[in-house]
Structure formats: structure tokens, C-alpha cells
Amino acid sequence: MDKMFDVIVVGAGNGGLAAAANTAKEGLKTLLLEKHNIPGGCATSFRRGRFEFEPSLHELCSVGTAEKPNIVYKIFDDLGTKINWEYEKGHIFRTIAKGENGFDARLSAGIEDFVKSMEKEVPGCEASVRAFLALKPKLDAAIDYIYATKGNPNGLVMLLKHADFMRTAGHSVEEVMTALGMPKKAQDLINTYWGYLGVPTDELNCMHFLNMLYDYVVNGAAMPRHRSHELSLALVDVIQKHGGEVWYNSEVTEFLYKEDGSICGVVANGEKLYAKEVISNVIPHNVFNMSDIKKIPEQNLKLANAREFGISVATIYLGLDCSIEELGMTDYTVFIAGNPDPRVQNDTRHDDGLYIVNSLNNVIPDSSEPGTCTMFFTIPVYGNDVPKDLKPQDYKKYKNDLAKKYIEAAEKDLGISIMPHIEEISVATPVTFAHYLGTPEGTIYGYKLSGWDNLMARIAGEQKDFAIPGLSFCGGHHTRGDGYSSAYIIGDTVGKRVAAKLKGGA
Amino acid sequence: MAKPNLRKLNPMDFTKMTPTRDAKIESAPAKALPATESYVPNQIANALHPDVQHLKVAKIVEHGTDAKTYFLEANSSKGTKALAWFSAGQYLSISLEIGKVKLTRPYSLSSSPREALEGNYKLTIKRVKDGLASNYILDNWTVGTEVTASEPLGVFTYEPLRDANTIIGIAGGSGITPFRSLAKAIADGDEDASLILLYGSRTLEDAIFQEEFKELEKSCNKFKLVNVLSHEENEACEKGFITAELIKKYAPEGNYSLFLCGPQAMYDFVDKEIATLGLRRKFIRHELFGEYFNPSKETDYPANVAPEFKVTVRIAGNKQTITAPADTSLLRSLEANGIAAPAHCRSGECGWCHSKLVSGEVYTPKSIDGRREADLIYGYIHPCCAFPLSDVTIEVPPMKKY
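Just so we're clear, the structure is a prediction, and the values are computed from it rather than from any experiment. Starting afresh in each chain, residues are numbered from 1 along the sequence in its written order. Labels follow written order: the first chain is A, the first ligand is 1, and so on. Local features in a predicted model are, by the rule used here, given only for residues with pLDDT of at least 70; side-chain atom pairs are given and counted only at 80 or more, and totals for whole chains, interfaces and linings are based on all residues.

Novice: What am I meant to see in the overall build of chain B here?
Specialist: Put simply, DSSP H or I for four residues or longer makes a helix, DSSP E for two residues or longer makes a strand, and each gets a number counted from the N terminus. When helices and strands are counted, chain B shows 10 helices and 19 strands. In terms of its C-alpha atoms, chain B occupies a principal-axis envelope of roughly 95 × 60 × 55 Å. What counts as a contact is two residues whose backbone-derived C-beta atoms lie within 7 Å of each other. Long-range contacts, defined as pairs at least 24 residues apart, comprise 70% of the intrachain contacts of chain B with a sequence gap of at least 6.

Have a look at this one:
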């Protein structure tokens, strides 16, 4: 049997799936190895009783529609998949912040409606909100220029023509908003979205946040009709249709190197498998731990040591024996926080911080049987928030205490009755994600998008950061950090890049 | 008022980003990274969800002529240092090799989670007529036999935010085992619920765990046993079957949850009785239905199905073709041909056997179809409850090697 492949992709998360779909479609002999028995990592679904739950996706960014396709739509479309996209209608979210300077607001999709909904909440903020959103096309123009110069832009051109880009990309969200004269309350309203990138907006790179915000505002959010499992199976289908192989229950335990330090394959299920190129959807930390440490370039090892792990979450999945109308939930997404300020929300996450409540039936009414509905709670927490002295035998109680706390909070904050209707419940914590994803501390996407390790700085450092010959990375631990769409985009980019390299050299 | 602008922000700050990052990286050590297993969430995850548990039979207790309880301890020489904690009601999927047949069977743990901390899992196994696995185990396992088991699995557990605080357990035959676990877990203080156990047997002699249950009743006022005997008069027991009337007789004021575990015949009878009680679905929980046989009894099963088909199986790059009877699940046909295939619940529910139907047609009974919506679009099946209707090609994940 032939154990030599053109490309081996390690891990069938969003990035790995998109990468493998591209290399297979380009006619390269592709093998995707996945340690679980199904693809997707978090992009999957699970059943309890008569419910099928979405485990992780809140709102997929950068999709767009058939008429106005955005990048994620195009990725799936170009690969030949037929995804049943469903769209959130009207409001993009409701945000409730308690305490002084708190609010309870619904922000609308579409730039004009978004600005209007902001002005209604914070009279006088319109100009600054418009100015903030108007930065996005300027950033795109600057990025296009940087790409056109192959990463060596003329400093003077940048300063003269793209000064707003430099001011934006070099500063945090809140620094830019404050410079634009945006009232604090308006900032807090918009910055509700910080949780999706896992870093509060006083530290989060402005350009990164703006990219996400703009896409949500302009395109609204999309969801696959049949939970994320649909997206993952669609990509597997592409790989298999183009002759690629997907092996489940096949955990990679070692990365194989040649004498010269380049990667030549992996070991999975005790078997050596070779490839011209390896793409890892697995976080560098784990790859380095499965490698001969002498083969890891010093800078790469230092970088891994310098980094902090990104945010994880605790999640609660409820199947309720009442309809969404009986429950009284009218919004798909509600953000609820004890304080309007993102930094405080981050720092007080154990008590009155931020939690998100999603009701999928408000986007896909028949995502559960008539007379039932589902709720999905997300609480941003770090893996190291899990108590050090927590024993396995106390874990069930830990989960249930956590779930009880947030369900009761939502009952109070939203004025609805949840507890008596619970027909199915499942609770996940960083322990669950550590188990399912195998990442250190159960981090979801990888490394924290810290001020020093932000999107722009990562893009600038990409060549140096991924320096092992024959090995590419894709996934949330790559330049773009957190988010479903980012993982697909990076996987797509890396898959195409590897395909071009192999085909160019043939 | 001036148009909002960014003039207050220094564009040159942008040029500092890369040097700042480089300096931060440079100042970090180039040392080996901590092992993933060293982080707290990973440690707990590994303790709760080991890939495999290597066990050894430490003791055997016989219950009459056709049931035995096996005490299993960690087989440290094979690398299992401690038994994973679990929730009362969960099961272990046991891997067996019987001749050339490689198979798995789910067995509920009859011991409490606390007993696992003390070093033992208990599996109570009853002989099933023509049962390949139960007969093999009862005839072959002796003290010292090495056993390969999964992590604890299954969702037939008490969930305090979902279930009523009083559980009425309805058990028949070997379906008693998860209730022995739950009763003990309540007595141990690990589950905060009350259990009223209606245990259906032919005669009191057929009912196992009687002594233990009596002890538990004495030591714990949250547990009560009611033996229901169909073929024996006994003053201390109820006579007959488990009916709606009987459930009402022992039910508390207010809400209660019904937990059922027993043979299909028991479900067929008791489910009809329960239907008259008007309980909400959330208060009725069934343990796995067990393996499904004879699909042709279903009204939507097609007519004129040939007796057997060719099944081509692809596993991790290897290919093999076998002959499979139409009335046998694809999983059983694979196993009968010595092909190890992943499976846990064997009841359509858990999805561990999730496989791709590359070509051909299969029949999956609706009542046990636990597939996800997208599985139906992209042609995935659960071989444990899929029956061939034509020659088929399936792609099955390999068994993990341990």
C-alpha cells in the first residue's frame, strides 16, 4: 500500500478541512487525519433525546448571500459545496449591561439601520459611529496596496495615502473610538462583540475588530441550516469527491523530520505516513511537543513560550419542552453583562461578567420539533479559571453549579422561566474542550490576540513565525486568531498556497 | 464641530508593532514547552475520559446460576493507573475477541462511582440465550483475565437541573444494574436524589442484589426497593407487572422522573402503562434500547429484499469485501468477518460507529435512528442499526490502537 501522499493535513477542524478541500480539488493526493470519529472539531453537532444541538457557532461572519457573496460564501461556493445558509433577520444582537451607565439595546443590521439604532441609544454618536465604519474601506485599500508591493510598501506612500490605516492598525479599538470622539456608552454598545475575539477592546487591535464588526453590520450573520456538522460534512465531501482520503480515529502522535530539518511526514495509529507537504490544523504547542525539539527553529520555540493561550468558554445547551414563543425569547443573540465596560466584563468573568444567550429557533424555527426550542449559553472563561484543586469526582457538581447560576441569571435578566422546561441539558467547560480539542488548557482557537501579538503584527511576522520547511499551519492559532470564518479563510489560503507550491514545482 | 478624525493618533505607532513583538519573542526562553497533560483542564479531562481503560478481573461473585458480578481493577502493568470517575447509570464498552470475531458490548456499571475511587468497577452480567458475548464472558472470564474497556459512557444519568428530585426506577432482568449504581451513589452522598425502585422479576429468586438493596434501604432513607413478582406470591412484594396503578401507588406528591431499564418486552408493556399517566416527556428516561434485530417487521421495510449482499468495506486505505445477510446490522456483519469496527452503544444513539455510505442502500429503523440532520444529506449511517438493501460500499473509521 502506498503511504506517500502529496499533502497530509493533520486535524479536521475548520482550517484543516478548508485546506484539505483545496489541495484535493487541485488534484493533489491528499490525506486528512482526524483523531475523532467525526470531522469539524467544534464545528459539529450532537444529539440529546429529540434535540440536535449546535455546539459552538454563534454567527458566521463574512458569508453574505448568493447575490452579494462575501469571502466565506465564496470559499464554500468555489469548492462546489451547496450549503443551506440561513440568515439572522433584523437585529444583529441585543445587548444588556447592568449597573451604572448600563443599557438594554438592540442593534440593527445594515449600515444605515445600525447607525440609526446607535443614535437612538446614544444621541449624538452618529458622526463618530459613521466615521468608525468608514475606516473599513480605507483599511482594505491600504491592505491591497501592501499586497501589491509584496509586503514592502513605500513608507511615504503609506504615510501620505494610508495614514488612517496606520493610525487604526497601530492602535486598540478604544483608542481609535476615543480619537473619533465616540461617547463611552456608544463604544461599550459596539464593543459588546469583544467576546468573539476574546480580548477586551482596550487591548484588541482596532483593525481586526473593525473587520469583524463591519462584516456583521453589512452582511448580518449566517448559519448553516443543519448545525455546523453540515459545513464540516460538506468539506469532507469535497475532499472525497476529488479523490482525497479522510481517516478518522487516526490521531497523529509524531511529526517526522528529515536530516535537514524539513518535515517529511507523521505517525498516526502507529503507522508512518509520508508527504511532500504537511499542513497542521493542530496548535504549534502540540506539534512541537510531538517533534524532535532540536528541529524546532529557536524563534518558533521562543514565540510559543512568549504566548498566552486564548480564551476558552463554558457552554450550556438546553432542550426545552416549550416553544420559543412560550419561552418569550424574541432575539437570536443576547449579550448580558454586569457592567458595560469590556475590560471589566473580562476581569469579572467569574462573577457578573459577560454571558451570551442564543436561541437558534429565532433564526431556524424548525431546528427543533414543534413545541420545543433550544437555548445555548456561552460564558467566556480561561482554561486556567478551572480551579486547580478541582477533582474529577467533583466535576459534575462544578458543571451543574455553573449551569444553575447562569440559567437563574438569565431567568432574572430576561424575565423568562427556563428551569421547569429543561428536557435535555448538556454543559461544557474548558475541561470539555481540553478533552475534545486536545488543546492546552482547552483553548478554543489557540493564542490570545494580545496587544503585542495582534493580527497586524502576526501578519508581518508570518514568514519568521512558521519557519519549518514543509510544514504549514492553519486554524485559529494562525495570524487571524479567533473565529469560525477566520479559520476557514486561513485554511483556504494555506491550502491554495501549498497547492501552488507543489504544482509550481512539478 | 469638526468631522471626527484620527489626527490625535500617531501613525508612526504602527511601525513600532513589529519591533515590539520581536522584542517580546526574543525575551522569551527557547525551552521545551510544558506537556499538554500538565494543564489543569487537560488533567481533569484525561482522568474523566481516558482513551482506553486496561482492567483486570479481581474477584467474581455469582448470583444464582446465570449471572455474575465481575470486580474489575486497574491493570497498571498495561498503563491504567486509576479507574475513571463516572455518573451512576453509565456503561463501559467492553472489547472482546471471540475466535475470529472482534466485537464490543456495552455493560452498565453496577457499582457506584465512589467504589471506583476505592479501586473497583463492577459489571454484573446475565447469561442471554444465544448471547455471544454474555456466554463468552460468563464461561471464560476468571480472576486475572485482562479486559479492555472504554471510558464510562452514556447519558442514563440523574441530572439535577433536568430531572425531578424523586426518581422512580423501573427495572427488569439485567436492567437492574444501573439502578444498583444509582442507589449506592445516593447512599454515598454523590447524587442528591431519592430513588424508588420498582424491580420486576419472575420470582424473588431471580431478583439479584437483594441483600445489598436491603442494607442500602437501612442505611439510606432516600432509597426504597419494591420487588414486583410476576410468578410468585410474596407478602413483602407486589404481585403482577409494573402498571400505571403500581407507579401511582408509590409516586410522591408532585413531580417525579421515571427511569426505565430492561428488556424490550418490558418497555413494550410499561410504555403503554406510562402513556396513561400523562407525564411530560422530560420526566421519562429510557436506557439504551439495545441491539436491534429483524428489521423486516417494520411497516416501512421494503418488500422483496434479497437475503444477502456484498459489502465492500474501506478502512483507512484498506479494502475488503464480505457477504452480509439483509437481516443483520452492518456492524454485526463486519464483526462476524473479523473486521474490528468502532462501536459503543450499539443502539443507534451514540454515533461512535458513524460511517460513510459510499454507494448502495441501507435501511435504518426510524425508532432508533440517532443520526444528525446533515448525516442524511451526505449519506452517513450508523452501522449498528443499518441493514443492507443492496450491495453497498461503506467507509468505516479504524478502531483506535492502544
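Novice: Please clarify how the overall build of chain A should be interpreted in this entry.
Specialist: Across its full length, chain A holds 19 helices and 18 strands. Its C-alpha atoms give chain A a radius of gyration of 22 Å, within 12% of the compact-globule value 23 Å for 506 residues. Its C-alpha atoms put chain A at 65 × 60 × 50 Å along the principal axes. A burial count over chain A gives 59% of its 506 residues as buried. Considering only intrachain contacts with a sequence separation of at least 6, the fraction spanning at least 24 residues in chain A is 72%. The quantity called the radius of gyration is restricted to C-alpha atoms. Its globule counterpart is 2.2 Å times the number of residues to the power 0.38. To sort residues by exposure, count the other C-beta atoms lying within 10 Å of each residue's C-beta; 20 or more gives buried, 12 or fewer gives exposed, and values between give partly exposed, all with C-beta atoms placed from the backbone.

Novice: Would you mind showing me how to read the packing of helix α18 (residues 455-465) of chain A against helix α1 (residues 13-26) of chain B here?
Specialist: When two helices pack together, their arrangement is captured by the angle between the axes and the distance separating the axes. Helix axes are fitted only over the stretch in contact, all axes being lines through C-alpha atoms; the angle between N-to-C directions runs from 0 to 180 degrees. Two elements in contact, α18(A) and α1(B), have axes whose closest approach is 9 Å; the angle formed by their N-to-C orientations is 70°. In terms of orientation, α18(A) lies roughly perpendicular with respect to α1(B). Residues A:Met456, A:Ala457, A:Ala460 and A:Gly461 of α18(A) pack against B:Met17, B:Thr18 and B:Arg21 of α1(B). Note that Gly is not counted as nonpolar here; it falls among the polar residues with everything else outside the nonpolar set of Ala, Val, Leu, Ile, Met, Phe, Trp, Tyr, Cys and Pro and the charged set of Asp, Glu, Lys and Arg. In the contact of α18(A) with α1(B), the residues fall into 4 nonpolar, 2 polar and 1 charged. With respect to orientation, any angle under 35 degrees is reported as roughly parallel, any angle over 145 as roughly antiparallel, any angle of 65 to 115 as roughly perpendicular, and every other angle as oblique.

Novice: Can you help me understand the domain arrangement of chain A in this one?
Specialist: Residue and element names in this part refer to chain A. Domain ranges listed in this record stem from an automatic or a database domain assignment. If you check the domain split of chain A, you get domain 1 (4-83 + 225-307 + 450-505), domain 2 (89-220) and domain 3 (312-381 + 387-428). The straight-line distance from the C-alpha centre of domain 2 to that of domain 3 is 28 Å. Counting residues at the interface gives 20 residues for domain 2 and 17 residues for domain 3. Ranked by residues supplied to the side of domain 2 that touches domain 3, first place goes to strand β6 (residues 91-97) with 6 residues. In terms of residue class, the side of domain 2 that touches domain 3 is built from 6 nonpolar, 10 polar and 4 charged.

Novice: Where do I start with helix α11 (residues 227-241) of chain A in this structure?
Specialist: Residues spaced three or four apart along an α-helix face the same direction, because each turn holds 3.6 residues. Residues and elements named next belong to chain A. Compared with the 21 Å implied by 1.5 Å per residue over 15 residues, the 22 Å span of α11 between its first and last C-alpha is a close match. Counting buried residues in α11 gives 13 out of 15 residues, a clear majority hidden from the surface. At the exit of α11 stands Gly243, carrying a positive phi of roughly 85°. Given the number of residues in a helix, its expected span is that number minus one, multiplied by 1.5 Å.

Novice: Would you take a moment to explain the sheet that holds strand β15 (residues 354-358) of chain A for this structure?
Specialist: Hydrogen bonds between backbone atoms are what pair the strands of a sheet, whose relative direction is either parallel or antiparallel. Residues and elements named next belong to chain A. Two strands qualify as a pair provided DSSP detects at least 2 bridges between them. Ordered in space as β7-β6-β14-β15-β16-β13-β17, the 7 strands form an open sheet in which the pairing is mixed. Each of the sheet's edge strands pairs with one partner strand only, and the pair in question is β7 (103-108) and β17 (422-428). With direction set aside, neighbouring strand axes in the sheet form an average angle of 15°. Looking at chain direction, strand β13 (residues 312-320) and strand β16 (residues 373-381) are connected through 9 bridges and run antiparallel. Note on β16: the bridge partner recorded for Ile316 is Phe377.

Novice: Mind showing me how you'd approach helix α5 (residues 177-188) of chain B here?
Specialist: Residue and element names in this part refer to chain B. The terminal C-alpha atoms of α5, which comprises 12 residues, lie 17 Å apart, in line with the 16 Å expected from a rise of 1.5 Å per residue. The element α5 is extensively covered by neighbouring structure, given that 11 of its 12 residues are classed as buried. Listing the buried residues of α5 in full gives Thr177, Pro178, Phe179, Arg180, Ser181, Leu182, Ala183, Lys184, Ala185, Ile186 and Ala187. Gly189 lies just past α5 and shows a positive phi near 85°.

Novice: What should I look at first to understand the sheet that holds strand β5 (residues 121-126) of chain B in this one?
Specialist: All names here are of chain B. Strand order in the open sheet formed by 6 strands is β4-β3-β6-β1-β2-β5, and the pairing between neighbours is antiparallel. Each having just a single partner strand, β4 (101-108) and β5 make up the two edges of the open sheet. Shown here is a sheet whose adjacent strand axes are inclined to one another by a mean of 40°, direction ignored. Pairing between strand β2 (residues 67-74) and β5: 6 bridges, direction antiparallel. Across the sheet, residue Tyr70 finds its bridge partner in β5, namely Leu123.

Novice: Please explain the packing of helix α4 (residues 126-148) of chain A against helix α10 (residues 206-219) of chain A as it appears in this structure.
Specialist: Residues and elements named next belong to chain A. The contact between α4 and α10 brings their axes to 9 Å, and the two run at 110°. Taken together, the axes of α4 and α10 are roughly perpendicular relative to one another. In contact with Leu133, Leu135, Lys136 and Leu139 of α4, α10 contributes Met207, Leu210, Tyr214 and Val217. Of the residues contributing to the contact of α4 with α10, the split by class is 7 nonpolar, no polar and 1 charged.

Novice: Sorry if this is basic, but what is going on with the interface of chain A and chain B here?
Specialist: It is common to give the size of an interface as the accessible area lost on bringing the parts into contact. Listed per partner, the contact involves 83 residues of chain A and 59 residues of chain B. Looking at side-chain class alone, the side of chain A that touches chain B contains 37 nonpolar, 26 polar and 20 charged residues.

Novice: Please clarify how the domain arrangement of chain B should be interpreted in this entry.
Specialist: Domains assigned within chain B are domain 1 (47-149), domain 2 (166-286) and domain 3 (295-395). Its C-alpha centre places domain 2 of chain B at a distance of 35 Å from the equivalent point of domain 3 of chain B.

Novice: Explain the pairing of strand β6 (residues 146-149) of chain B here, please?
Specialist: Across a regular strand the side chains alternate sides, sitting on one face of the sheet and then on the other. Residues and elements named next belong to chain B. The two faces of β6 differ: Val147 and Ala149 on one face are buried, but Glu146 and Thr148 on the other face are not. Of the strand pairs in this sheet, strand β1 (residues 53-63) and β6 are connected by 4 bridges, and their pairing is antiparallel. By the bridge assignment for β6, Leu55 is matched with Val147. Note that strand β3 (residues 91-98) and β6 share 2 bridges and pair antiparallel. Bridge pairing links Ser95 to Thr148 in β6.

Novice: Quick question: what am I supposed to make of unusual backbone geometry here?
Specialist: With glycine set apart, most residues show a phi of negative sign, and most peptide bonds adopt trans. Although it is not a glycine, B:Asn294 adopts a positive phi angle of roughly 60°. Along the chain, the position of B:Asn294 falls in the loop between β12 (284-286) and β13 (308-315).

Novice: Just checking my understanding: could you explain the nonpolar core for this structure?
Specialist: One broad trend across soluble globular proteins is that nonpolar side chains are buried collectively. The term nonpolar core refers to a set of buried Ala, Val, Leu, Ile, Met, Phe, Trp, Tyr and Cys residues connected through C-beta atoms within 7 Å. Formed by 201 residues in total, the largest nonpolar core has its most connected members in A:Ile8, A:Ala21, A:Leu60, A:Met118, A:Leu213, A:Leu235 and A:Ile239. Dropping the residues within four chain positions of it, A:Ile239 is found in contact with A:Ala20, A:Ala21, A:Ala24, A:Thr30, A:Leu32, A:Gly244 and A:Val246. Among the nonpolar cores identified, the runner-up in size contains 61 residues, and B:Ala74, B:Ile125, B:Tyr158 and B:Tyr267 belong to it.

Novice: What is the right way to read the confidence of the model for chain B from this model?
Specialist: Close inspection of predicted coordinates is inappropriate in any region flagged by low pLDDT. Per-residue confidence from the predictor is reported as pLDDT, which spans 0 to 100. When pLDDT is averaged along chain B, the result is 96, and 100% of the positions lie at 70 or above. Predicted complex, confidence summary: ipTM 0.96, pTM 0.97.

Novice: Explain the pairing of strand β9 (residues 223-229) of chain B here, please?
Specialist: Residues and elements named next belong to chain B. The buried count for β9 comes to 5 of 7 residues, which makes it a mostly enclosed element. Relative to β9, strand β8 (residues 194-201) is paired through 7 bridges, and the arrangement is parallel. Considered in β9, the bridge of Leu197 is made with Leu225. Taking the sense of rotation as the criterion, the β-α-β connection linking β8, helix α6 (residues 210-219) and β9 turns out right-handed. In this sheet, strand β10 (residues 238-239) lies alongside β9 in parallel orientation, the contact comprising 2 bridges. Within β10, the position partnered with Leu229 by the bridge is Lys239. By the criterion used throughout, a crossover qualifies as right-handed when its path from the first strand across the helix to the second strand runs clockwise, the strands pointing away from the viewer.

Novice: I'm lost on the environment of B:Ala324 in this one. Help?
Specialist: Residue and element names in this part refer to chain B. Within the element layout of this structure, Ala324 appears in strand β14 (residues 318-325). When the C-alpha atoms of Ala324 and Leu334 are compared, they prove to be 8.1 Å apart, with 10 residues separating the residues in sequence. Aside from chain neighbours lying at most four places away, what touches Ala324 is Glu308, Phe309, Val311, Leu330, Ser333 and Pro388.

Novice: Which parts of the structure should I look at to understand the environment of A:Trp85?
Specialist: Residue and element names in this part refer to chain A. Here Trp85 lies in strand β5 (residues 85-87). Taking the C-alpha atoms as reference points, Trp85 and Ala221, separated by 136 residues in sequence, lie 10.0 Å from one another. In contact with Trp85, other than residues within four places in its own chain, are Val63, Ala222 and Pro224.

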